[in-house]
Amino acid sequence: MIRTVESEPHMSAPVLAAYGYCEAVTGQQARNFAYGIRLLPAPKRRAMSALYAFSRRVDDIGDGVLAPEVKAKRLEETRALLARIRDRSVDEDDTDPVAVALRHTADHFPVPLDGLDELIDGVLMDVRGETYETWDDLKVYCRCVAGAIGRLSLGVFGTEPGARGAERAPEYADTLGLALQLTNILRDVREDAENGRTYLPADDLAKFGCSAGFDGPRPPEGSDFAGLVHFEVRRARALFAEGYRLLPMLDRRSGACVAAMAGIYRRLLDRIEREPEAVLRGRVSLPGREKAYVAVRGLSGLDARHVSRRTVRRRA
Ligand SMILES: CC(C)=CCC/C(C)=C/CC/C(C)=C/COP(=O)(O)OP(=O)(O)O
């Protein structure tokens, strides 16, 4: 069992204000993940928002307009802040609300803060403009920027007492992160190409005649773009199926949070599968009412039951 400490004996005004800031960042910027985070009880919701706000800051440095060497410097400064949070030299009167909230979260939940170092490592790979030859290479990047977030989130959720196979929970949380990240990469093919980035493995691009890249709303001449997308969708689905083994180990509301996050991304994947070329025209997204519907389904346990029945059948 992974233990979490949910009691909050007394939260001081600065800590409450710091969490308030992180929750506002999450509400405004987490277009998809906020639907899941909202389903959590207040202590876990606040902790997830602290993780989100710190991760958002790291991501924004990577995505911003600064020169690569300036981005690298800012990322190392953020790493130094993380070290201060880890060794508790940030106190609650610090002027940085994200640092105050994250310090409180790390004091109350067993979150592996090294995961945020991994996130910084992953964003540095972006800043260096790394490309990936094979899926194994891309997996290293996905583990840093998303698998690590899954493992950190698990520290907030905890696992249920007596949950079978709970020692593998971090592995499943990591795999779910990979599934979300690969979906994200498919969704953002066009936007990334416009920013000079290619994440899909070079050997997959070559196999489907897409090595020329995606510089417009049409696939490269003579390529099998739909074949490429369907290949990656199958890979993402296998990762979702493996990662969903985490769900029966979580309490109801943590399970609902994960089911909402993953459910929204799985629906994105369904859309992408139905119309692969849509990702070359712009960002595929779900309407707000559909995301809310998926979140409510997660809360009623429908998705979790569906998955655990299938998991049982597969094992039988
Ligand atoms: C166990 C568990 C909770 C696993 C999940 C881990 C997790 C939340 C990984 C996030 C990875 C990801 C696709 C980030 C995209 O953020 P973005 O800001 O680009 O997303 P958006 O554009 O869809 O809003």
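Residues numbered from 1 in each chain as written. Predicted model: local features only at pLDDT ≥ 70, side-chain atom pairs only at ≥ 80, totals over all residues. Heavy atoms only, no water.

Per an unreviewed UniProt entry, the protein goes by the name Presqualene diphosphate synthase HpnD and belongs to Streptomyces tauricus. Recorded in UniProt for the protein, the comment headed Pathway (unreviewed entry) runs: "Carotenoid biosynthesis; phytoene biosynthesis." (UniProt positions renumbered as here; feature names shortened; annotations may be inferred.)

Turning our eyes to something else, we now look at the overall build of the protein. Secondary structure assignment for the protein yields 15 helices and 0 strands. Taken against the 2.2 N^0.38 rule, which gives 20 Å for 316 residues, the C-alpha radius of gyration of the protein at 20 Å falls within 12% of a compact globule. Dimensions of the protein along its principal axes, counting C-alpha atoms only, are 65 × 55 × 35 Å. Within the protein, buried positions represent 53% of all 316 residues. Pairs at least 24 apart in sequence give 74% of the contacts found in the protein among residues at least 6 apart. (Helix = DSSP H or I, 4+ residues; strand = E, 2+ residues; numbered from the N terminus. Rg over C-alpha atoms; globule rule 2.2 N^0.38 Å. Buried < 20%, exposed > 50% of the residue type's maximum accessible area, 1.4 Å probe, protein only. Contact = heavy atoms within 4.5 Å.)

With that settled, the discussion passes to helix α12 (residues 252-274). Taking 1.5 Å per residue as the helical rise, α12 with its 23 residues ought to reach 33 Å, and the 32 Å between its terminal C-alpha atoms agrees with that figure. The backbone nitrogen of R253 lies 3.1 Å from a side-chain oxygen of the residue at the head of α12, namely D251. (Expected span 1.5 Å × (residues − 1). Polar contact = N/O pair within 3.5 Å; in protein donor to acceptor, adjacent residues only side chain to side chain.)

Here we take up the site of the ligand. In the vicinity of the ligand lie 18 residues, with R31, N32, R56, R187 and Y265 positioned nearest. In this structure, R187 approaches the ligand through a side-chain N or O atom, which is 2.9 Å from an oxygen atom. Between the ligand and R283 there is a distance of 3.4 Å, counted from an oxygen atom to a side-chain nitrogen or oxygen. Elements with a minimum of two residues in the shell around the ligand: α7 (135-157), α8 (169-187) and α12. Across the shell around the ligand, the residue classes tally to 9 nonpolar, 5 polar and 4 charged. (Near = heavy atom within 4 Å. Nonpolar A, V, L, I, M, F, W, Y, C, P; charged D, E, K, R; others polar.)

This paragraph deals with the environment of R235. For R235, the location among the structural elements is in helix α11 (residues 225-243). Taking the C-alpha atoms as reference, R235 lies 21 Å from R168; in sequence the two are 67 residues apart. Beyond its immediate chain neighbours, meaning those up to four positions away, R235 contacts W135, L182, P201 and D204. At 3.1 Å, the side chain of R235 and the side chain of E232 are in polar contact.

Even without glycine at this site, R88 takes up a positive phi of about 65°. With respect to the helices, strands and loops of the structure, R88 is situated in the loop between α4 (68-86) and α5 (97-108).

The next point concerns the pattern of salt bridges. Scanning the entire structure with this criterion turns up 34 salt bridges. Across the pair R57 and D96 runs a salt bridge, and its minimum N-O distance is 2.8 Å. Placement of R57 in helix α3 (residues 42-63) and of D96 in the loop between α4 and α5 is noted, with a sequence separation of 39 residues between them. A residue is classified by how much of its surface remains accessible, and R57, at 26% relative accessible area, is partly exposed. A salt bridge links D117 to R79; the nearest nitrogen and oxygen atoms lie 3.2 Å apart. Within this pair, whereas D117 is found in helix α6 (residues 114-127), its partner R79 is found in helix α4, the two being separated by 38 residues in sequence. Residues participating in the shared-partner salt-bridge network are E76, R79, R86, D114, D117 and D121. (Salt bridge = Lys/Arg side-chain N within 4 Å of Asp/Glu carboxyl O.)

Mapped onto the fold, D174 is located in helix α8. Here D174 falls in the buried class, since its relative accessible area comes to 6%. A polar side-chain atom of D174 sits 2.7 Å from a polar atom in the side chain of R143. What D174 contacts, discounting residues up to four positions off in sequence, is R143, G147, A148 and R151.

As a further point, take the nonpolar core. In this structure, F54, L116 and F240 are the most contacted members of the largest nonpolar core, which totals 102 residues. L116 has contacts with L51, F54, S55, L82, L102 and L152, leaving out every residue within four places of it along the chain. (Core = buried A, V, L, I, M, F, W, Y, C linked by side-chain atoms within 4.5 Å.)

What follows deals with the packing of α6 against α7. The interhelical angle for the contact between α6 and α7, taken along N-to-C directions, is 155°, at an axis separation of 8 Å. Between α6 and α7, the interaxial angle falls into the category roughly antiparallel. The hand of the α6/α7 crossing is left-handed. The residues of α7 that touch α6, namely those facing G115, L116, E118, L119, D121, G122, V123, M125 and D126, are V140, Y141, R143, C144, V145, A148, I149, R151 and L152. Counted by class, the contact of α6 with α7 contains 11 nonpolar, 2 polar and 5 charged residues. (Axes fitted to C-alpha atoms, helices over the stretch in contact; angles between N-to-C directions. Parallel < 35°, antiparallel > 145°, perpendicular 65-115°, else oblique. Left-handed = near helix turned anticlockwise from the far one by under 90°.)

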